[in-house]
2 protein chains.
Amino acid sequence: MVERNLDTTFTALADPTRRAMLAALSTGEKSIGELAAPHAMSFAGASKHVGVLVRAGLVRRRKVGRQQVCTLEAAPLRDAEQWLRRWEGFWTHRLDALEAALNEKPQ
Amino acid sequence: MVERNLDTTFTALADPTRRAMLAALSTGEKSIGELAAPHAMSFAGASKHVGVLVRAGLVRRRKVGRQQVCTLEAAPLRDAEQWLRRWEGFWTHRLDALEAALNEKPQ
DNA sequence: GGGTTATAAAACCACATGGTTGACCATGTC
DNA sequence: GACATGGTCAACCATGTGGTTTTATAACCC
């Protein structure tokens, strides 16, 4: 369950339009129209981006009147973050070593 | 500098072969042949995956004799992790709320 | 009912991606 | 020099992606 979803989660995150949409949703629910508005792009194009987010499980849609209201679903983000955190110790070591090397030989 | 690289970082992470290669590199340097071996895939195909990781700044290559030795470069992983962590508070709230709701109405 | 609003769905285009194979180029070994 | 090894590069194929436009549908307003 984890590994499979990482594919679609990271794919969904690999686009700046979609990351911006997630950021917009972090301040509260938005209709698809509201999500689309800030992006210089056709409505249909933006709607497809929302579809990618929904398929990745990052967004839930529900119909309210004639609008689709979207809410952020953070669980897959947490999974992705946990996967990345496996390297936390590693990268802090490396960066500390780099910094030490720079201090030692200040050129 | 940050936003632009997130695209290529997340794209690089969106493939299980490449994630496995990063995991392999976390235990130490590996030649491209060693990285390719575990994957049922042509050598050239695996080499292309390594190329994606290099272009994303996640891996450095250097020539040693007739081999290319690869090392993990963790900094972009840290950037991606930091981006995801922006939602940390959000998802813990949501999940706490979900848990509370489940406890309150145990069905 | 008729018009407007919010969205979906489909067809299409250009380009990127993941994979292959085959030719090629170094480097090391005999 | 001859040959194997480690790897790159280019061409190719199928499929996916990001975008468009057009058409359709469902809900609301008058």
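Now for a quick tour of the structure. Not measured: the values here are computed from a predicted model. Note on numbering: residues in each chain are counted from 1, in written sequence order. The naming scheme follows written order: chains are lettered A onward, ligands numbered 1 onward. This being a predicted model, a pLDDT of at least 70 is required before a residue's local features are given, and a value of 80 or more before pairs of side-chain atoms are given or counted; all residues contribute to the totals for chains, interfaces and linings. With hydrogens and water excluded, all non-hydrogen atoms of the structure serve as input to the side-chain values.

1. Side note on the protein's contact with DNA strand D
Taken together, 21 residues sit near DNA strand D, with Ser42, Lys48 and His49 of chain A together with Gly33 and Ser47 of chain B positioned nearest. The nearness test applies per residue and asks whether one of its heavy atoms lies within 4 Å of the molecule or strand. Among atoms of DNA strand D positioned within 4 Å of the protein, sugar and phosphate together represent 64%. By the criterion applied in these results, polar contacts are pairs of N or O atoms within 3.5 Å in which, for protein atoms, one can donate a hydrogen and the other can accept it, and in which residues neighboring in sequence qualify only through two side-chain atoms. Between lysine 48 of chain A and DNA strand D, the recorded distance is 2.3 Å, taken from a side-chain N or O atom to a base oxygen. Between DNA strand D and serine 47 of chain B, the relevant distance is 2.4 Å, taken from a phosphate oxygen to a side-chain nitrogen or oxygen of the residue. Only runs of H or I of at least four residues qualify as helices and only runs of E of at least two qualify as strands under DSSP, and these elements are numbered from the N terminus. Where the surface near DNA strand D is concerned, the elements lending two or more residues are α4 (43-55) of chain A together with α3 (32-36), α4 (43-55) and β3 (67-72) of chain B.

2. Some thoughts on the interface of chain A and chain B
Contacts between residues were defined by any pair of non-hydrogen atoms, one from each residue, lying within 4.5 Å. With 30 residues of chain A at the interface, the matching set in chain B holds 30 residues. Joining two parts hides part of their accessible area as seen by a 1.4 Å probe, and the buried area is that hidden amount summed over both. Buried surface at the junction of chain A and chain B, summed over both partners, amounts to about 2800 Å²; 67% is from carbon and sulfur atoms. A side-chain nitrogen of Lys or Arg and a carboxyl oxygen of Asp or Glu constitute a salt bridge if their distance falls within 4 Å. At the boundary of chain A with chain B, the tally comes to six salt bridges. Taken together, the connections running from chain A to chain B amount to five residue pairs in polar contact (both at pLDDT 80 or more). Only α1 (2-13), α2 (16-25), α5 (75-85) and α6 (88-104) of chain A provide two or more residues apiece to the side of chain A that touches chain B.

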